[in-house]
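# A closer look at the structure
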Amino acid sequence: HRDAVWFSAIAGMFKTYGVSSNGLDGLIPLYYHTFSHYVYGALSGLIGVSTITFFYICAPILITPLFFLSFMYCVKDALKYFSNRYKKFSKLFFA
């Protein structure tokens, strides 16, 4: 998909030059939300793979488990919050 190529180009510019640019006509600044591109460029440099390889292969292997881990922590905290609220509610009305 062409979005992955566009995103890997921005991540590659971060990795190589440290600026937010697409690199088509020099290093013209790109005003776009680019923090994830910076992270992907840094992680691809840390692992030692190209940014396009990182976007297609490494990111799903690394990011998907982190997403599910954070989702499970959110569910655990929500369960703790709502169970405490239910206990207070039941003591107030059903005591």
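Details of the structure are given in the entry above.
This is a predicted model, so every value here is computed, not measured.

## Details of helix 2 (residues 35-47)
Under the 1.5 Å per step criterion, the end-to-end length of helix 2 is 18 Å for 13 residues, consistent within 8% with the ideal 18 Å. Residues of helix 2 that are buried: H37, Y40, G41 and S44. Buried residues along helix 2 cover an arc of 100° about the axis, so they all sit on one side. Of the exposed residues in helix 2, those oriented more than 90 degrees away from the buried face are F35 and L46.

## Let's talk about a nonpolar patch on the surface
On the surface, V5, L46, I47, Y56, I57, I61, L62, I63, L66, L69 and Y73 cluster together into a nonpolar patch covering about 1100 Å² of accessible area. If you list the elements that add at least two residues to the nonpolar patch, you get helix 2 and helix 3 (51-94). Among the elements that take part in the nonpolar patch, helix 3 stands out by supplying 8 residues, more than any other. For L62, the location among the structural elements is in helix 3.

## Overview of the packing of aromatic side chains
Counted under the stated rule, the structure contains 7 aromatic pairs. Centre to centre, the rings of Y40 and F54 are 5.3 Å apart; their planes meet at 75°, and the pair counts as edge-to-face. You can see Y40 sitting in helix 2 and its partner F54 sitting in helix 3, a full 14 residues away along the chain. Like Y40, the residue F54 is buried in the burial classification.

Definitions and limits used
- Residues numbered from 1 in each chain as written.
- Predicted model: local features only at pLDDT ≥ 70, side-chain atom pairs only at ≥ 80, totals over all residues.
- Heavy atoms only, no water.
- Helix = DSSP H or I, 4+ residues; strand = E, 2+ residues; numbered from the N terminus.
- Expected span 1.5 Å × (residues − 1).
- Buried < 20%, exposed > 50% of the residue type's maximum accessible area, 1.4 Å probe, protein only.
- Arc of directions from axis to C-beta.
- Patch = residues over 30% accessible without salt bridge, like charges linked within 9 Å, V, L, I, M, F, W, Y side chains within 5 Å.
- Areas by Shrake-Rupley, 256 points an atom, 1.4 Å probe, with all protein chains shown as cover.
- Salt bridge = Lys/Arg side-chain N within 4 Å of Asp/Glu carboxyl O.
- Phe/Tyr/Trp six-rings, centres within 6.5 Å; stacked < 30°, edge-to-face > 60°.

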